[in-house]
Each structure stands twice: as C-alpha cells, then as structure tokens.
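Structural overview
For reference, the chains in residue letters:
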Amino acid sequence: MKYQMVTIQMVIKISIVLVIIAIFNFSMSHLLLKGKLTAFIDHELSEKVLLAEELVLSQGHFVNGQVILDGFDEVSIIPTYQVSEKINNVMATEHLLANNWTIYEDSTQPIRYYFKQLSGNNSLFLAVNIGQHQDIENRIIAVDIFVTLFTYGCFLFILFWIIGQQLRPLGEIERYLAEVSSGNLSKRLSFKRDKQFDWLAERINEMVEKIEQLVTKVKVKANKQIEYMAYHDHLTGLPNRRLFQETLNNEIKVSRTNNQKCFVFLVSINSYKSWVNSYGSTVADECLKVLADRIQDITPLRGCVSRYDSQEFSILLSDDKKKAISSFSQNLMKVCEKSLLINGEEISCSISVGCVSFPEGGEYHETLMRHASLALHTAKEKGKKEVVEYTEQLGLEKLEYTVIESRFKKALRDQKLTLFYQPQINILTGKVIGVEALLRWKDEELGFVSPSKFIPIIERTNLINDLGKWVIQEACKQLKEWEGAGLPELKMSINVSTKQFQDSNIVEVVEESLKQSGLMANQLMIELTEETAMEDVNESLTKMRQLREMGVELAIDDFGTGYSSLRYLTAFRVHSIKIDRGFMKELDQSEEGKEVVSAIIGLAKNLKLKVVAEGVESLQQLQFLKSKKCSLIQGYYFSKPLSANELENWVRNHQQLQYS
C-alpha cells in the first residue's frame with residue numbers, strides 16, 4: 001500500500017536525523033569526558049601507588065632484591081635500584097610529585113613507572129600495567145554505543161508503530177479512492193476505529209457525491225448527444241436515413257390501420273458534383289444546407305425530411321390527396337431549381353425526384369425505398385429535371401433491365417456480340433468513303449435486343465469500358481482484313497460513349513488497337529456526342545489533342561441535339577460533324593426543319609468542317625442535301641447496317657453508286 005511507503009519514508013527520514021544527532025552526541029561526550037576519565041584513572045593509580053609505598057615500608061619484604069606486594073593487580077614487580085641518572089621522559093602528576101614520586105611512561109608498552117628515592121642508597125621503583133585501565137575505557141565506550149543503539153532501535157520501533165497507527169486512515173482513503181477511480185461512485189468512506197478523522201471522511205464523501213452528480217449529468221447529456229448524432233445528419237441537422245426508416249415504418253403502420261396512403265419522395269441533387277468541382281466541398285455543403293432549409297419550409301408539419309444520402313434527401317408525406325401531392329411536387333421542383341445565393345454568388349441547382357406511394361408501390365419500408373430509388377434513376381435518365389412516380393410498368397422495366405444486364409455480361413464474356421457496318425457515301429463521286437461500326441446483339445433467350453435498350457443499361461456499369469475496347473479493336477481489325485481482301489480504302493467511324501471517353505486510358509486503347517491491327521491512324525474516326533465532349537471540357541480537350549496528334553480524326557455525332565457552344569466547337573478542333581437523323585425526318589414535315597439543317601450545313605462550311613447527314617431514307621431528303629452541298633450521306637436510302645461479309649459484298653457490287 002502506498003500509505004505504508006509513506007510511513008517507511010517518514011521513519012527513514014527521522015532515523016537519519018536521529019543517527020546524525022547520536023553521532024554528534026557520542027562525539028561530543030567522548031571529547032568532553034575523555035580528559036576527565038583519564039584524570040580519574042590517573043588519580044586512582046596515584047592513590048594506589050601511595051598505598052603501595054606505605055605497604056612496602058610497613059609490610060613489604062624483599063625476595064631476591066624485589067619487593068613483593070599482594071592484592072594489587074595493577075602493580076607488578078617492584079625492583080630496587082640504585083639511583084640512576086638515566087631516568088628521563090618523566091610524566092608526573094602534582095599529587096605524586098608532592099609525595100616525591102617520579103613518573104614516566106614507556107611508549108612501547110602499556111606500562112607506567114613510578115620511582116622514589118628511599119633511605120640510604122636504595123630506591124623504590126614500581127612498574128604498573130595501565131592496559132587494564134585502557135580496557136576499562138574501551139568497555140565504557142562499548143557500553144555507551146550499545147546502550148545508544150538499543151535505545152535508538154526501541155525508539156524507531158515505537159515511532160514506526162505510532163506513525164503507522166496515525167497514517168492508517170490514509171490506507172483506507174487510498175483503497176476508497178481506488179474504487180472511486182474504477183467507477184464505483186455509490187460507496188461512501190467511513191473510518192471504523194479512527195473516529196477523529198470522520199470530518200475528513202465527510203469532506204471526501206461530499207466531494208465524491210458532487211463528482212457522482214456531475215458524472216450523471218455528463219452521461220445524460222452525452223447519451224442525448226450520442227442519440228441525436230445517431231439519428232441526425234451532422235451537416236444539415238435533418239433526420240438521417242436511420243431515423244427516416246423508423247419514421248416510415250411507424251407511418252406505414254398508421255396508414256395501414258387507417259386505410260390511407262402515404263408518399264415517399266427521393267430527391268437527388270444533380271448539381272452536387274459540379275458544385276464540388278467548381279467551388280469546393282465547403283461551398284457545396286453550404287448549398288446542401290440551404291436546400292435542406294428550403295425543403296423543410298415547404299414540407300407540411302406532419303411530413304418528415306431527412307438527408308438520406310450524401311447527395312439525396314428523402315421526404316415522407318402522410319397526405320393522401322393526390323392533388324396535394326402533385327402541388328407539393330411542383331413546389332419542390334420550383335424551390336430547389338431556384339438559384340442559391342452563397343457568399344454573394346448565385347449558384348444554379350438541378351434536382352431529380354423519384355416518388356412512390358403506399359400501398360401501391362409496396363407495403364414495407366424496403367420495397368418502398370427500392371421503388372423510390374428506381375423512380376429516381378428513371379427521372380435522371382429522362383433528363384434529370386424530372387419527377388417520376390413509381391408504377392407497376394416501371395417495375396417491369398426494371399426487371400427487364402436486370403435480365404438484360406445479366407445476359408449481356410454473359411454475351412460479352414462468351415463473345416456473342418457482333419459488329420454491323422453502315423456505309424457512308426460521297427454522292428458527288430458515288431463512291432463508298434467509309435463505314436460506321438454499329439453494335440448488334442442477338443440473345444438466345446431474348447432474341448434481337450435493340451442497342452437503344454441495352455446501351456443505356458451497359459453505360460451505367462463498368463462493362464461499357466470493356467465493351468468499348470472490344471468494339472475499337474474489332475473494328476480496326478475488320479477494316480484491315482477488308483484492305484487485305486482488296487476493298488478500296490475506307491474510313492472506320494466508331495462511336496465512343498461518355499463513360500468510355502472519360503476513362504483515363506481511352507487514348508492508350510486507340511493506340512494499342514491501331515498497333516495490333518496495323519491500321520493507319522487517319523483511317524480511324526472517333527465520334528463523340530456533344531454531351532460527351534462537354535462532360536469534362538478540360539479533360540476532353542486534352543484527349544482530343546492527343547488523338548489528333550496520333551492522326552485520328554474526330555467527329556461530333558448527333559450535332560444539334562446537345563448543348564455545346566460555338567466557342568467549344570472551335571476549341572475541340574474536330575474534323576467533321578454529323579447531322580442527327582431526327583433532323584432528316586423534319587425535312588419532309590416542315591420548312592423549319594429545312595432551315596435548321598441548312599443552318600447546320602452553313603455553320604460547318606464556314607468552320608471548314610466536313611458534314612455527314614445520318615438517317616437519309618428518301619430521295620427528297622437526298623436531293624435537298626445535295627442542293628445545300630452536303631455530299632456525305634449515311635442512311636437506309638443506300639443501305640441498312642450490314643454484317644462484315646455482307647458489307648464486303650455490298651461494296652464490291654456498288655463501286656459506283658447512282659441515284660436519280
């Protein structure tokens with residue numbers, strides 16, 4: 001225990017002080033008492049010597065010239081000598097000197113000599129052993145040390161016991177605080193034997209009680225905060241997906257009980273990606289918060305708005321009136337399409353909305369949200385600024401979508417896809433100048449599947465890149481085979497999808513395909529829609545430049561149906577534009593259609609671009625185009641798309657085309 005360590009440390013410190021005091025005391029007593037002790041012993045010896053003198057004179061007897069005394073351990077032999085002048089180094093005391101004794105000590109041994117002239121020529125010479133006196137002195141010192149150490153040890157033991165008893169409450173406090181630190185705040189401290197420390201226990205208990213109250217408050221607040229964070233979006237403060245799901249489940253139960261409808265809206269922010277790319281994530285987040293406020297403002301009190309995903313909001317309405325729901329949808333599009341004012345700058349916004357109703361669109365949460373998501377994707381496909389409500393027909397189309405995607409994966413893996421080719425004619429020379437590669441798919445179960453049906457599905461998956469690579473490689477390879485078969489020089493046009501063109505390695509795919517097939521780069525034309533080119537202008541400009549440097553020609557397909565500007569059209573530096581087949585149909589229907597086609601041809605001529613008219617099906621269309629000096633024609637008037645063998649035979653049989 002730590003309090004025992006404190007006790008030991010206190011005892012050690014006190015012991016050190018006591019040792020110093022004992023050493024000092026012993027040293028001082030030894031210095032001060034040594035002289036007195038020596039004087040006392042000398043005086044005692046002097047008295048014994050005088051007594052010996054009296055005994056010698058009165059009772060002593062000589063044996064062989066020596067005086068023998070009994071009963072004096074300190075006095076040994078007492079010889080008689082003639083007076084000698086050689087005695088020196090005399091050390092005498094006043095007492096002995098007063099009695100005519102001469103004293104001297106032998107420095108080589110512990111003997112003191114006493115000399116006195118007797119009557120006649122005789123003298124008394126005493127040799128006294130003083131070693132015993134030194135032993136007495138040493139014994140006194142030893143006893144002094146032993147008594148000091150014994151007293152010191154007893155004192156330390158008593159001191160240790162007293163301090164231990166006094167510090168015992170510290171041990172109980174230590175054990176109590178250990179329990180408190182482990183989280184046990186309900187227990188209270190009490191001293192069973194040391195009642196004098198009850199005041200300290202009361203203070204500690206008051207402190208722990210306040211800590212317990214504070215911890216309880218913090219826990220309650222933290223739990224509320226955790227619960228809020230678990231059910232709300234940190235950015236907008238709206239309910240999150242989890243809370244929305246619970247709310248929807250509860251609303252489904254109420255609607256089922258009351259036999260009424262409820263509606264779920266799924267709102268996708270189409271502009272979010274462009275916000276991040278153009279203004280940064282901070283501004284994009286501010287835009288989301290403004291949109292969240294706008295949607296909340298128009299949502300009825302019984303409704304629920306949540307941030308369902310990073311770019312999606314979900315709305316739950318319990319109103320079963322179709323008119324009210326329709327009005328809400330219109331209002332939703334209106335407030336969300338309105339420009340956002342962020343940091344003094346107006347930022348445009350575009351949304352798509354999917355809607356589903358209970359119970360028509362599903363009777364459970366998972367079904368409703370899945371169908372709402374399907375309606376949302378359909379809205380995006382229709383042009384993004386749309387509100388689409390889920391219907392049973394939409395569900396069937398989704399099922400078809402799943403089947404087509406699964407079957408197409410198998411067809412691509414098993415190489416069951418085919419390229420068809422539609423010839424392009426120069427009506428001024430009547431010669432075939434090129435072909436456009438068109439993908440065809442005939443499934444064992446589904447039969448012939450229109451490209452307009454499966455291409456949009458494939459474009460939403462990663463399969464489009466693998467498919468696009470296969471088309472480029474196969475088309476280049478086929479054109480080279482036709483050259484080897486003796487066909488005239490042709491140009492191969494290949495349409496590249498938006499996703500494939502934005503892929504980082506499209507240039508490498510084209511370069512590799514040309515290298516593998518041995519085809520010249522100027523025999524290949526890559527066709528891009530306006531939407532593809534405008535998806536990422538900077539990236540498109542870079543890739544177009546790289547393709548031009550290789551010698552590959554570029555064309556804008558379906559010109560007039562997209563949203564490119566003339567500034568970008570010149571910046572793209574394409575070689576030709578292709579008039580969309582939709583304009584060909586309008587040639588026979590209105591003068592406005594003719595004016596549009598004429599304007600496109602005139603624009604191309606002014607920009608020194610080639611013009612290819614797609615979808616030409618009648619002689620009247622052909623004659624109009626010729627009158628406007630549009631000489632490159634593609635369409636059913638000359639030929640439908642053909643297989644590779646059919647195209648080869650067709651070209652051989654139509655070396656010089658005529659029309660009337």
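Just above sits the structure.
Residues numbered from 1 in each chain as written. Predicted model: local features only at pLDDT ≥ 70, side-chain atom pairs only at ≥ 80, totals over all residues. Heavy atoms only, no water.

**Let's talk about the pairing of strand β12 (residues 351-358)**
In terms of burial, β12 is a largely internal element, 8 of the 8 residues being buried. Of the two faces of β12, the one carrying I351, V353, C355 and S357 and the one carrying S352, G354, V356 and F358 are both buried. Here 8 bridges tie strand β7 (residues 262-269) to β12, and the two strands are oriented antiparallel to one another. From the neighbouring strand, I269 faces β12, where its bridge partner is I351. Direction of pairing for β12 relative to strand β13 (residues 387-389): parallel, over a ladder of 3 bridges. (Buried < 20%, exposed > 50% of the residue type's maximum accessible area, 1.4 Å probe, protein only. Helix = DSSP H or I, 4+ residues; strand = E, 2+ residues; numbered from the N terminus. Pairing = 2+ DSSP bridges.)

**With respect to the pairing of strand β9 (residues 312-317)**
Buried residues dominate β9, accounting for 6 of its 6 residues. Judged by which residues are buried, β9 turns out to be covered on both faces: E312, S314 and L316 on one side and F313, I315 and L317 on the other are all buried. Relative to β9, β7 is paired through 6 bridges, and the arrangement is antiparallel. By the bridge assignment for β9, V267 is matched with F313. The turn linking strand β8 (residues 304-309) back onto β9 is made up of 2 residues.

**Description of the nonpolar core**
In terms of nonpolar packing, the biggest core is built from 81 residues, with L467, W482 and M492 touching the most fellow members. With 10 residues, the single largest contributor to this core is helix α12 (residues 463-484). Among all residues touching M492, those that are not within four sequence positions of it are Y421, V435, A437, A475, L479, W482, Q523, L524 and M525. Of all hydrophobic cores here, the second largest spans 33 residues; its members include L235, Y272, L288 and M333. (Core = buried A, V, L, I, M, F, W, Y, C linked by side-chain atoms within 4.5 Å. Contact = heavy atoms within 4.5 Å.)

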